[in-house]
Amino acid sequence: MIKKEMEKSSKEMVEEIKTDFRASADLGIKRCMQCGLCTSNCPAARHSDYDPREIVKKVLDNNWEILDSPDLWNCFYCYTCQCNCPVNNSPCQINQILRQKILLKNENKHRMCEFSSYGYSYLDFGVGAMPKSFFDGMVKDYGKKYLDLKVNLEDIRQDLDLDDYNLKGKSLKEVQDILQESGFKKRLKTFKEQ
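Model, not experiment: these values are computed from the prediction.

1. Quick notes on helix 7 (residues 109-125)
Because an α-helix completes one turn every 3.6 residues, residues spaced three or four positions apart along the sequence face the same direction. Under the 1.5 Å per step criterion, the end-to-end length of helix 7 is 24 Å for 17 residues, consistent within 8% with the ideal 24 Å. Of all the bends in helix 7, the greatest measures close to 45 degrees and is centred on Phe-115. Along helix 7, the residues that are buried comprise Arg-111, Phe-115, Ser-116, Gly-119, Ser-121 and Leu-123. Buried residues along helix 7 sit against helix 6 (91-104), helix 8 (132-142), helix 10 (169-181) and helix 11 (184-193). Immediately downstream of helix 7, the backbone of Gly-126 shows phi near 80 degrees, a positive value.

Next comes the structure, spelled out in structure tokens:
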């Protein structure tokens with residue numbers, strides 16, 4: 001009897017994730033074998049306590065304490081975990097859904113402020129840019145090489161015969177219109193005011 005209740009309970013969090021509109025239709029969370037490929041290739045796991053395999057394990061175990069983990073906020077959605085998963089699971093999609101649950105409870109909004117510069121970069125240039133608050137950490141982690149890259153990026157792109165990576169003209173306007181119509185711009189402003 002206890003085992004049946006645990007089995008039912010263990011499906012609740014997984015079902016919430018699977019049925020969330022952000023989850024891809026073929027999200028392989030139920031097929032997760034806990035092989036750890038997601039973690040072994042995750043850049044955030046390499047430089048923090050974030051562990052995508054552990055995030056998925058807690059969801060599979062219906063462990064709602066995962067919502068209190070500060071490590072959830074170390075994922076930066078590069079999708080490396082998803083690209084390497086043999087069963088098409090996506091810890092980063094799961095992470096996005098979990099973060100949204102936290103934010104809908106009006107908790108951890110300060111975390112969104114850390115990432116708001118991504119949003120402003122999309123509005124201004126049509127592409128995402130590293131938040132300024134992360135810059136010192138990147139220099140610390142990667143050293144002078146990273147600093148040289150940032151300082152000389154335009155020259156490097158010209159040497160490689162690459163155009164400016166910022167969107168311009170009609171393309172930039174289209175991105176800005178999408179961000180306006182989707183409510184993204186208004187939501188970003190709300191986070192800034194809090």
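On we go from here.
2. What to know about unusual backbone geometry
Notably, Asn-62 is not glycine yet its phi reads approximately 55 degrees, a positive angle. Along the chain, Asn-62 turns up in the loop between helix 4 (52-60) and helix 5 (80-84). Its relative accessible area of 11% is what places Asn-62 among the buried residues. A positive phi angle, close to 70 degrees, is found at Tyr-79, a residue other than glycine. On the secondary structure map, Tyr-79 appears in the loop between helix 4 and helix 5. Classification of Tyr-79 as partly exposed rests on a relative accessible area of 31%.

3. Structural notes on helix 4
Among the residues of helix 4, those classed as buried are Pro-52, Ile-55, Val-56 and Val-59. Buried residues of helix 4, viewed axially, fall in a sector of 95 degrees; they line one side. Where helix 4 starts, the residue carrying a side-chain oxygen 3.0 Å from the main-chain nitrogen of Arg-53 turns out to be Asp-51. Positive phi shows up at Asn-62, right after helix 4, with a value of about 55 degrees.

Thresholds applied
- Residues numbered from 1 in each chain as written.
- Predicted model: local features only at pLDDT ≥ 70, side-chain atom pairs only at ≥ 80, totals over all residues.
- Heavy atoms only, no water.
- Helix = DSSP H or I, 4+ residues; strand = E, 2+ residues; numbered from the N terminus.
- Expected span 1.5 Å × (residues − 1).
- Bend = angle between axes of the 7 residues up to and from the residue.
- Buried < 20%, exposed > 50% of the residue type's maximum accessible area, 1.4 Å probe, protein only.
- Contact = heavy atoms within 4.5 Å.
- Arc of directions from axis to C-beta.
- Polar contact = N/O pair within 3.5 Å; in protein donor to acceptor, adjacent residues only side chain to side chain.

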